[in-house]
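# Examination of the molecular architecture
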Amino acid sequence: MLPKLRDGLRALAERIRSAVVLKDSLLEEILRDLRKTLLEADVAPDLVEQLLERLRKQVRTKPPPGVGKKEQVIKALYDELVNLLGGEVEIELRPKRVLLVGLFGSGKTTLAAKLARFYQKRNLSVGLVCCDVTREAAYDQLKQLANQVSVAFYGERESRDSASIARNAMEKLRNKDVLIFDSSGRNALDSEMITEIKRLHALIRPDETILVIPADLGQAAREQASAFAKALPITHVAVTKLDATAKGGGALAACAATGAKIAFITTGEKPDDLELYSPKHFVARLLGFPDLETLLAKLKETRAPELAEKALKEEEFTLEDFIDQFQELRKAGGIAKLLDMLGLGIKLPVEVLELQEEKLKRWKYALDSMTEEERKNPEVINASRIRRIAKGSGVSEAEIREMLSAYRQVKRMLKMLKPGKLRMVRGLGDLFKLLRPK
Ligand SMILES: Nc1nc2c(ncn2[C@@H]2O[C@H](COP(=O)(O)OP(=O)(O)O)[C@@H](O)[C@H]2O)c(=O)[nH]1
Ligand SMILES: [Mg+2]
């Protein structure tokens, strides 16, 4: 996500960390680079200048006792970036009605499916309602998505009266905990759109009205978010398509500047590509500190919590764990994404990242042909054992070797995460320790 912004900020943090002395001239240079990095991410110039001004003030004061200059600068940078990118928002897990609003193509309908999955995973039943009466395919798109994530759907293909659809939906889906209403988009926030949404809003009386803003708007998101907030009681913002643009930092900063509460971000088209937004975690990730809580939250959503726990408790991670849980890891949004989230820049080999379902099945056959000892302690598997396992399972020797090598690499990766690294970012104190030159 946002690789350019990430690389720029990491390079800055690294320069601070590796400097022998943080002279004023170097600090000015760093501030200049920060300006460039933020402007390139399409953060509005006035927001950038305000941030630099505050940062400059902070780094010119003497650090408090016990805190080094570098730590002070890094903390100030971290604080200011968090401040730039928004406040923390709490999303309540309880029955509610949610109305999604936004312009055409902003990602409302896909967000509806993502939110459906989000609440469903948290044991709340969900109904999706199509109140988009302007787009021909809207009904079918949402219905299909509802099917895909296995939640209830209500819509009226022929109707042009969104308020009436909403009324009927609340009746038909009254046994669902969370009702999510997808609304019509427009190319611009015109009076026609405002009138329709206001009518819909008055009828639904939603607990949450989420404005959907695509990240590729960059700093232009500020105008759009303010305009919507003036016309409607927006409670939250979701920033979509963060995977698809370099302007995401600008869009987040722009929304935050309007005082909007950014609650969700999306990083792909699939129902799982949704994250609760926390600027603290987000900035920690950009700066290169593993965002362990988000990772664990993701892992918990799948049935792979044991893997995380095992890694955390430094218990043995067996070949069986590897195979059983790899599938769950994949569901957690892709291994590459998880590693990105860990922020460690660990690169797994392609054969591990692109592990196919088919292959995993054959690996399971191979596992079935192993002895208890081999499963628990794969180190004992030598060439003759590989030959025997291949014969017993019908899986080629080469593939068994590949499996063992993939297992070893993942195990090595998990080891690298232990124990010092996994305990990171539990508060800023730890952040400092991490940044202290070794
Ligand atoms: N890459 C990417 N594409 C997205 C994301 N969210 C939505 N899209 C795509 O953006 C397009 C418009 O989304 P849609 O939900 O139909 O927008 P709507 O008109 O507001 O309902 C679709 O092609 C989506 O697949 C995202 O987070 N990342
Ligand atoms: Mg739509």
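Provided above is the structure to which this section pertains.
This report concerns the structure included in the present document. (Residues numbered from 1 in each chain as written. Chains lettered and ligands numbered in written order. Predicted model: local features only at pLDDT ≥ 70, side-chain atom pairs only at ≥ 80, totals over all residues. Heavy atoms only, no water.)

With respect to the helices and strands, the residue Thr-240 is situated in strand E6 (residues 236-240). As a C-alpha pair, Thr-240 and Thr-267 span 27 residues in sequence and 6.7 Å in three-dimensional space. The residues touching Thr-240, leaving out its near neighbours within four places in the chain, are Ser-106, Gly-107, Val-212, Ile-213, Pro-214, Ala-215 and Thr-266. (Helix = DSSP H or I, 4+ residues; strand = E, 2+ residues; numbered from the N terminus. Contact = heavy atoms within 4.5 Å.)

Take the site of ligand 1 next. In the neighbourhood of ligand 1, 18 residues make up the surrounding shell, with Gly-105, Thr-109, Thr-110, Thr-266 and Glu-269 lying closest. Contacts to ligand 1 include Thr-110, whose side-chain N or O atom sits 2.7 Å from an oxygen atom. In isolation ligand 1 has 580 Å² of accessible area, and contact with the protein removes 82% of it. Here the shell around ligand 1 takes 4 residues from helix H5 (residues 108-121), the largest share from any one element. (Near = heavy atom within 4 Å. Polar contact = N/O pair within 3.5 Å; in protein donor to acceptor, adjacent residues only side chain to side chain. Areas by Shrake-Rupley, 256 points an atom, 1.4 Å probe, with all protein chains shown as cover.)

What follows concerns the sheet that holds strand E2 (residues 126-131). Ordered by their spatial adjacency, 8 strands build an open sheet running E3-E2-E4-E1-E5-E6-E7-E8, and the pairing between neighbours is mixed. Bordering the open sheet on either side are strand E3 (152-154) and strand E8 (274-276), each of which pairs with just one other strand. Shown here is a sheet whose adjacent strand axes are inclined to one another by a mean of 25 degrees, direction ignored. Examined bridge by bridge, strand E7 (residues 262-266) and E8 share 3 bridges and lie antiparallel to one another. Opposite Ile-265, over in E8, you have Glu-275 as the bridge partner. Set on the sheet, H5 makes contact with strand E1 (96-101), E2, strand E4 (178-183), strand E5 (208-214), E6, E7 and E8; between it and E4 the angle comes to about 175 degrees. The strands touched by helix H7 (residues 162-172) are E1, E2, E3 and E4; relative to E2, the strand with the most contacts, the crossing angle is about 160 degrees. (Pairing = 2+ DSSP bridges. Axes fitted to C-alpha atoms, helices over the stretch in contact; angles between N-to-C directions.)

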